[in-house]
Amino acid sequence: MEPQLTHSAADGIATVVIRHPAKRNAMTADMWRALPPLLATLATDPDVRVLVLTGAGGTFCAGADISTLKGSPEEAQRLAVLAEDALAAFPKPVLAAIRGHCVGGGAQLAAACDLRFAEEGSVFGVTPAKLGLVYAASSTRRLAALVGPATTKYLLFSGELIDAERALRTGFLDEVLPAGELDKRVAEFARVLASRSRLTQSAAKEFADGRTDRDAYWAGQARESDEAAEGVAAFLERRPPAFSWTGPTAPTSAPTPR
């Protein structure tokens, strides 16, 4: 099978799958290039409420395909950062479902997701020190915002892999699931996310990611929408809420975490 990204959508949940089985789903230059436009398409689909990123088979992503670094490591890194930034800017909740290796560019993509669920036995690492590369500033800051400076330095200084339990303790992971239970749990939680208010989720995502220039915008959206009225009415009537707010659908640029 040619290295590629595939996607599907059902019941409000879009799933993007990294497929490069010959190299543990390592990302080629073409795969890095393909991710931002794919995300842009899914972002503007009103039926998509949640995005799940995962890898085919028994691994998430073993990083960048090293053969793509032979020509221009700087260009390969630029493509990876553009893909990472597009994933971080996706305006709807993004959940990484991780098995096996989540290393290098794979960890870079996972860190750009909002939440990360992993199967026991998964391993994680950021390995530029093994290749003599300077990890991108924005990627380093995003990782530090997620796991703190000490763990970031441990990972980047050493290039060593850590197990799922340690990744959970550091804050890189949100949940670790027993073997065989990852897909069920991810599907279950994605359905929960798809049932909640997009207004709440979109505002919370920007605020939590450090955006400070849209407070008035979100206050206006809250006033103008019927989300709160519907939520209260549904609670009092003991029925599922029918939240109707759908915008914005396009990704919006946000500051890099510091």
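This one's a predicted model, so the numbers in the text were calculated from it and none came from an experiment.

Describing the nonpolar core
- Among the nonpolar cores identified, the biggest contains 47 residues, and Leu51, Leu87, Ile98, Phe124 and Phe172 are the most heavily contacted of them.
- Considering each element in turn, this core owes the most residues, seven residues, to helix 1 (residues 29–43).
- Sequence-distant contacts of Leu51, that is, excluding residues within four places in its chain, are made with Ala14, Val16, Leu39, Leu42, Leu87, Phe90, Pro93, Val94 and Leu95.

Some thoughts on the side chain of Ser139
- As for its placement among the helices and strands, Ser139 is situated in helix 4 (residues 137–147).
- Setting aside residues up to four positions removed in sequence, Ser139 forms contacts with Val81, Glu84 and Gln108.

What about the pairing of strand 2 (residues 13–19)?
- Most of strand 2 is tucked away, with five of its seven residues classed as buried.
- Where strand 1 (residues 4–10) meets strand 2, seven bridges bridge the pair, whose relative direction is antiparallel. Each residue of the ladder has a partner; that of Thr6, found in strand 2, is Val17.
- The turn joining strand 1 and strand 2, which pair antiparallel and follow one another in sequence, is formed by two residues; a positive phi near 55° is taken by Asp11.
- Where strand 2 and strand 3 (residues 50–55) come together, six bridges link them in parallel fashion. Within strand 3, the residue paired with Ala14 across the bridge is Leu51.
- What joins strand 2 to strand 3 is helix 1, and the crossover it makes is right-handed.

Rules behind the numbers
Residues numbered from 1 in each chain as written. Predicted model: local features only at pLDDT ≥ 70, side-chain atom pairs only at ≥ 80, totals over all residues. Heavy atoms only, no water. Core = buried A, V, L, I, M, F, W, Y, C linked by side-chain atoms within 4.5 Å. Buried < 20%, exposed > 50% of the residue type's maximum accessible area, 1.4 Å probe, protein only. Helix = DSSP H or I, 4+ residues; strand = E, 2+ residues; numbered from the N terminus. Contact = heavy atoms within 4.5 Å. Pairing = 2+ DSSP bridges. Right-handed = clockwise from strand over helix to strand, strands pointing away.

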